[in-house]
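Structural overview
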Amino acid sequence: MAIDVGEDLLTPLATGITQGSIYGLLGLGLVLLYKSNRIFNFTQGEFGSVAAFAASALLAGRGFLPEMKGFFGYGFALLVGVLIGILLGLLVERLVVRPLFDQPKVTLVVATAGVSLLLISIQLFVIGVNGERVRPIIAGDAFSSGGLRVTWQQVIVVCVLGALAAASALFFKKTRLGTAIIAVSQEPTATSLVGISVNRGSAATWAMAGGLGAIAGLLLAPTTIIAPGFMTSSTLIPAFTAAVLGGIASLPGAFVGGITIGIIEQFGSKIPADVVPGDNSVVVFVVLLAVLLVRPAGLRGKEA
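Describing the overall build of the protein chain
Per the secondary structure count, the protein chain includes 11 helices and 2 strands. Listed N to C, the secondary structure of the protein chain is α-α-α-α-β-β-α-α-α-α-α-α-α in terms of helices and strands. For the protein chain, contacts bridging at least 24 residues in sequence account for 74% of all contacts bridging at least 6. For the protein chain, the exposed surface amounts to about 14300 Å²; the carbon and sulfur share of it is 68%.

In structure tokens form, the structure reads like this:
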């Protein structure tokens, strides 16, 4: 069987890197919250879904904004989406996480799952079940040759992930707040005794996680049909797999794990259905199980 290098190798590679960047962004948020609260946040995907629908409503003048259609620019809509994600993160931390902070971690995890289901239900009530499309930030191809096609949207996604991964790593290594968050996650009682606010560190981390989830949703929206809960249904498990693969407490690991899972997923879609029934998500589940069984500490040797 002849292989088209562009269509069968380079295009899945480029698409995998782009999709993996979305997983990496969500993975960064998951790692941030694990480092601070030692929990897995099921709400992470819905920060992105809500942000994407908010930006789409501004651009389309939908709902209570019909007379404003075309008034808001794309940049303003993206900014509002990110701010809504940050606000959601703060609300979840203040109303759900903080009251349960002294409870077993499994209680917090279940609580975040409940918040995720609540947000999806609200989206279904307000928007309905029908999906919609969002135009890309920059339309057109950045590169096209033979079977290989790379869009400007894909370039933006990869560049944003790289910048945010570097910024997150520097934040925890070089800033006082980042150091305080790590200290709180390891010894909350001792850090509070020396004057470090546990509540302030927790709120800052959830705000950052909300912003990262919102950015992921806003970047993914133009490449797919957005529907209520689309981020949770399509990206949360791959993002969790990326975080575990890279080391659940490693920010650079989330970046590497996201790209790796994205590429594996795309090439997995090339496997014939009679060999591996189902879609490429089956490959992601196989990778997740393999990592948990063989190397639960992840590629970077961090705890998981």
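Next comes the rest of the write-up.
A look at helix H11 (residues 281-294)
Under the 1.5 Å per step criterion, the end-to-end length of H11 is 20 Å for 14 residues, consistent within 8% with the ideal 20 Å. Here H11 has its buried residues at Val283, Val284, Val287, Leu288 and Val291. Relative to the axis of H11, the buried residues are bounded by an arc of 140 degrees and lie together on one face. Along H11, the residues that are exposed and aim more than 90 degrees away from the buried face are Val286, Leu289 and Leu293.

Comments concerning the environment of Val92
Tracing the backbone shows Val92 in helix H3 (residues 74-97). Taking C-alpha positions, Val92 is 9.3 Å from Ala203, a pair spaced 111 residues apart along the chain. Among residues more than four places away in sequence, those in contact with Val92 are Thr43, Phe47, Val97, Val115 and Trp206.

Some thoughts on the confidence of the model for the protein chain
Low pLDDT means the predicted atomic positions in that stretch should not be read closely. Within the protein chain, residue pLDDT values average 81, and 83% of them lie at 70 or more. Taking the mean pLDDT of every element in the protein chain, the minimum, 63, falls on helix H7 (residues 188-193) and the maximum, 92, on H3.

Let's talk about a nonpolar patch on the surface
A cluster of nonpolar residues, Leu9, Leu10, Leu13 and Phe267, forms a patch on the protein surface that exposes about 290 Å² of accessible area. Considering each element in turn, the nonpolar patch owes the most residues, 3 residues, to helix H1 (residues 5-37).

Re empty space enclosed by the protein
Per the counting criterion, the structure on display carries 2 cavities of 30 Å³ or more. Here the largest cavity is characterised by a volume of approximately 50 Å³. If you go around the largest cavity, the residues you meet are Ala52, Ala55, Ser56, Leu59, Tyr74, Leu78, Val134, Leu218 and Ala221. Taken together, the elements giving at least two residues each to the lining of the largest cavity come down to helix H2 (44-60) and H3. Residue contributions to the lining of the largest cavity peak at 4 residues, all from H2.

A closer look at the nonpolar core
Membership of the largest hydrophobic core comes to 54 residues, with the highest contact counts inside it found for Ile22, Leu25, Leu28, Leu219, Phe230, Met231 and Ile261. Among the secondary structure elements, those contributing two or more residues to this core are H1, H2, H3, helix H5 (152-174), helix H8 (198-220), helix H9 (230-246), helix H10 (251-268) and H11. Setting aside chain neighbours within four positions, we find Ile22 in contact with Val157, Ala216, Leu219, Leu220, Met231 and Thr235.

Things to note about the layout of surface pockets
Rolling a probe over the atoms, with the probe sized like a water molecule, indicates the empty space that remains. Its boundaries defined by the atoms lining it, the second largest pocket holds a volume of some 390 Å³. Residue lining of the second largest pocket: 22 residues in total, with Gln19, Leu220, Pro222, Thr223 and Thr224 positioned closest to the centre. Looking at the lining of the second largest pocket, the elements with two or more residues in it are H1, strand E2 (148-151), H5 and H9. In terms of residue class, the lining of the second largest pocket is built from 9 nonpolar, 10 polar and 3 charged.

What about the pattern of salt bridges?
This model, assessed by the stated rule, comprises 1 salt bridge. Between Arg98 and Glu93 there is a salt bridge; the shortest N-O distance is 3.1 Å.

Section: the packing of H9 against H11
The interhelical angle for the contact between H9 and H11, taken along N-to-C directions, is 30 degrees, at an axis separation of 10 Å. As far as their axial angle goes, H11 and H9 are roughly parallel. Two packed elements cross with a definite hand, and for H9 against H11 that hand is left-handed. Here H9 contributes Ile237, Pro238, Phe240, Thr241, Val244 and Leu245 to the contact with H11, which in turn contributes Val284, Phe285, Val287, Leu288, Val291 and Leu292. Of the residues that constitute the contact of H9 with H11, the class distribution is 11 nonpolar, 1 polar and no charged.

Quick look at H3
For H3, which comprises 24 residues, the first-to-last C-alpha distance of 33 Å matches the rise-based estimate of 34 Å (1.5 Å per residue) to within 8%. Among all positions of H3, only Tyr74, Ala77, Leu78, Gly81, Gly85, Leu88, Gly89, Val92, Glu93, Val96 and Val97 are buried.

Conventions adopted
- Residues numbered from 1 in each chain as written.
- Predicted model: local features only at pLDDT ≥ 70, side-chain atom pairs only at ≥ 80, totals over all residues.
- Heavy atoms only, no water.
- Helix = DSSP H or I, 4+ residues; strand = E, 2+ residues; numbered from the N terminus.
- Contact = heavy atoms within 4.5 Å.
- Areas by Shrake-Rupley, 256 points an atom, 1.4 Å probe, with all protein chains shown as cover.
- Expected span 1.5 Å × (residues − 1).
- Buried < 20%, exposed > 50% of the residue type's maximum accessible area, 1.4 Å probe, protein only.
- Arc of directions from axis to C-beta.
- pLDDT = per-residue confidence, 0-100.
- Patch = residues over 30% accessible without salt bridge, like charges linked within 9 Å, V, L, I, M, F, W, Y side chains within 5 Å.
- Salt bridge = Lys/Arg side-chain N within 4 Å of Asp/Glu carboxyl O.
- 1 Å grid on protein atoms, 1.4 Å probe; cavity = no way out; pocket = protein on both sides within 12 Å on 5 of 7 lines; lining within 4 Å.
- Points joined across faces, edges and corners; volume = space filled by probe spheres on them.
- Core = buried A, V, L, I, M, F, W, Y, C linked by side-chain atoms within 4.5 Å.
- Nonpolar A, V, L, I, M, F, W, Y, C, P; charged D, E, K, R; others polar.
- Axes fitted to C-alpha atoms, helices over the stretch in contact; angles between N-to-C directions.
- Parallel < 35°, antiparallel > 145°, perpendicular 65-115°, else oblique.
- Left-handed = near helix turned anticlockwise from the far one by under 90°.

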